[in-house]
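Coordinate inspection notes
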Amino acid sequence: MKKSVETAQSIQRVKVGMTGLAFVMLLIGLASAIFSSASQEQPVAVVGGPKPEVVANLTVANGTDPADGDREPLAELGIAPSAAGNSALPEKPDP
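Residues numbered from 1 in each chain as written. Predicted model: local features only at pLDDT ≥ 70, side-chain atom pairs only at ≥ 80, totals over all residues. Heavy atoms only, no water.

1. Focus on the overall build of the protein
Within the protein, the regular secondary structure consists of 3 helices and 0 strands. Shown N-terminal to C-terminal, the secondary structure of the protein runs as helices and strands in the order α-α-α. Expressed as a percentage of the 95 residues in the protein, the buried residues total 0%. Accessible surface computed for the protein: about 9,100 Å², of which carbon and sulfur atoms make up 65%. (Helix = DSSP H or I, 4+ residues; strand = E, 2+ residues; numbered from the N terminus. Buried < 20%, exposed > 50% of the residue type's maximum accessible area, 1.4 Å probe, protein only. Areas by Shrake-Rupley, 256 points an atom, 1.4 Å probe, with all protein chains shown as cover.)

2. Some remarks on a nonpolar patch on the surface
A grouping of V14, M18, L21, F23, V24, M25, L26, L27, I28, L30 and I34 is seen on the molecular surface, where their side chains present a nonpolar patch of about 1,100 Å² in accessible area. Assignment of secondary structure puts I34 in helix 1 (residues 2-40). (Patch = residues over 30% accessible without salt bridge, like charges linked within 9 Å, V, L, I, M, F, W, Y side chains within 5 Å. Salt bridge = Lys/Arg side-chain N within 4 Å of Asp/Glu carboxyl O.)

3. Focus on the confidence of the model for the protein
As a note on interpretation, predicted positions should not be read in detail where pLDDT is low. With 66% of its residues at a pLDDT of 70 or more, the protein has an overall mean of 76. The least confident element of the protein is helix 2 (residues 52-61), whose mean pLDDT is 65; the most confident is helix 1, at 91. (pLDDT = per-residue confidence, 0-100.)

4. Structural notes on the environment of A80
The residue A80 is located in the segment after helix 3 (73-77) in this model. Looking at A80, the relative accessible area reads 29%, which means it is partly exposed. When near neighbours in sequence (up to four residues on either side) are disregarded, A80 contacts L74 and A75. (Contact = heavy atoms within 4.5 Å.)

This is how it looks when you write it as structure tokens:
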């Protein structure tokens, strides 16, 4: 009698485990499908929103070169002094 009770409990545990595993696999598949479809959607065009192609054209039209490290945009706008003509110490007059 003891043997059949242990066997019945083992079978029930296997059934519950397999059902739980199937449920988890179903949830993973559903989440994968949702995230896959969300990543394939095109972004919504908002009126007045930034457009990447326009921004790319603006940077090319302005002649900005990202590799140009000598430019001082704040000095060009007049916000900060330029470091090209200024030195940290004042120059002494020649006697």
